[in-house]
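# Overview (structure and organization)
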Amino acid sequence: MSDGTKTPEELLVLAKEVGLSGLSITDHDTIAAYTDAVMNQAKELDLFLGTGVELSCLHNKKESVHILGYAFDHTSGNLQAFCTKHQERRFIRNKEMITKLEKMGMPIGSDWLLDANGNPKWGIGRPHIAEKLISKGYVKDIRDAFARYIGDGKSAYVPSGSFTVEESIDVIHRAGGKAFIAHPHLIQKNRTLNALLEMDFNGIECHYGNFTADVALKWINICQEKNWLISGGSDYHGDIKPETRLGKRFVTRDIYQKIFGI
Ligand code: AMP
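## Some points on the sheet that holds strand β8 (residues 229–233)
Here we have six strands laid out as an open sheet, ordered β5-β3-β4-β6-β7-β8, and mixed in their pairing. The open sheet has two edge strands, β5 (163–164) and β8, and neither has a second partner. Here strand β6 (residues 178–181) pairs with strand β7 (residues 203–208) via two bridges, running parallel. By the bridge assignment, F180 is partnered in β7 with G203. Lying on the sheet, helix α7 (residues 190–197) is in contact with β3 (52–59), β4 (63–70), β6 and β7; it crosses β4 at an angle near 30°.

## Quick look at the side chain of H86
In this structure, H86 sits in helix α3 (residues 77–103). By relative accessible area, which is 0% here, H86 ends up buried. A distance of 3.1 Å separates the side chain of H86 from the side chain of R89, its partner in a polar contact. With near-sequence residues (within four places) excluded, H86 lies in contact with D29, L55, S56, S162 and F163.

## A word on the site of the ligand
For the ligand, the full set of nearby residues is D3, H28, R90, R93, G125, R126, P127, F146, H237 and K241. In the environment of the ligand, an oxygen atom lies 3.0 Å from a nitrogen or oxygen atom belonging to the side chain of H28. Residue H237 places a side-chain N or O atom 3.2 Å away from an oxygen atom belonging to the ligand. Elements with a contribution of two residues or more to the shell around the ligand: α3 and α4 (126–135).

## Some thoughts on the packing of aromatic side chains
This model, assessed by the stated rule, comprises eight aromatic pairs. Seen in terms of ring centroids, Y256 and F260 are 4.6 Å apart; in terms of plane orientation they differ by 40°. Their pairing is tilted. In this pair, Y256 and F260 both sit in helix α9 (residues 253–260), four residues apart, roughly one turn of the helix. A single burial state applies to Y256 and to F260, both of which are buried.

Here is what the cut-offs are and how they apply
Residues numbered from 1 in each chain as written. Predicted model: local features only at pLDDT ≥ 70, side-chain atom pairs only at ≥ 80, totals over all residues. Heavy atoms only, no water. Pairing = 2+ DSSP bridges. Helix = DSSP H or I, 4+ residues; strand = E, 2+ residues; numbered from the N terminus. Contact = heavy atoms within 4.5 Å. Axes fitted to C-alpha atoms, helices over the stretch in contact; angles between N-to-C directions. Buried < 20%, exposed > 50% of the residue type's maximum accessible area, 1.4 Å probe, protein only. Polar contact = N/O pair within 3.5 Å; in protein donor to acceptor, adjacent residues only side chain to side chain. Near = heavy atom within 4 Å. Phe/Tyr/Trp six-rings, centres within 6.5 Å; stacked < 30°, edge-to-face > 60°.

As structure tokens, this is what we get:
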């Protein structure tokens, strides 16, 4: 429901095909994948579907940090309202990036940010802007779009005016969920990592996309020291991220059960 190219329904079918027994769909800043229809489809396919979300946060007002929330109550009004606030700030940010691109001679319009009723569509982010730049012929592919214009710090980039890590952890906890540090290798500053390790997390994403066993072990050791949980995922996004595939990284059943309390 955010920047992946498959629908939740297609993901469940694919999960079954690749031999997973369970999964969690961790959209950016939205839990809209968790509808009754999707939950029922998972049951029919005999797949365990644990709730998940990847929240964009800001540490020290400027450093982007992603956190994963798992095993929350997806009907939590508080969490839903939090995700709505994220979508509102995403809409404003997307418009700001589109304005910058237009000023640079690369108009891509902004009508496509709205649904048929004129409301902002949910889950729109930089990969969608990249797609528009590709379709207009301004860049050759998604990497080119990020490298030249919309990657962090590039000319059309607008930082996310997001919420703090602490308040995001709190929202997940209040919805009965568990909070994990996502893809920890992307945290650039040691100081930031050390600050996160002092926060009220429940675990770290130790198994990720292209991690080797050695890299995973580094994070697993930290989890063991802190008595935190281990999580893992493929960061599958469908066609826009061909370097990974669903199930490329996974956790064993006992780890999954600890996260989801089953
Ligand atoms: P946003 O939430 O709008 O800031 O967009 C974040 C998304 O952009 C993530 O799903 C990333 O996978 C994707 N992304 C970030 N950097 C790059 C990059 N250099 N190349 C391709 N995709 C990227």
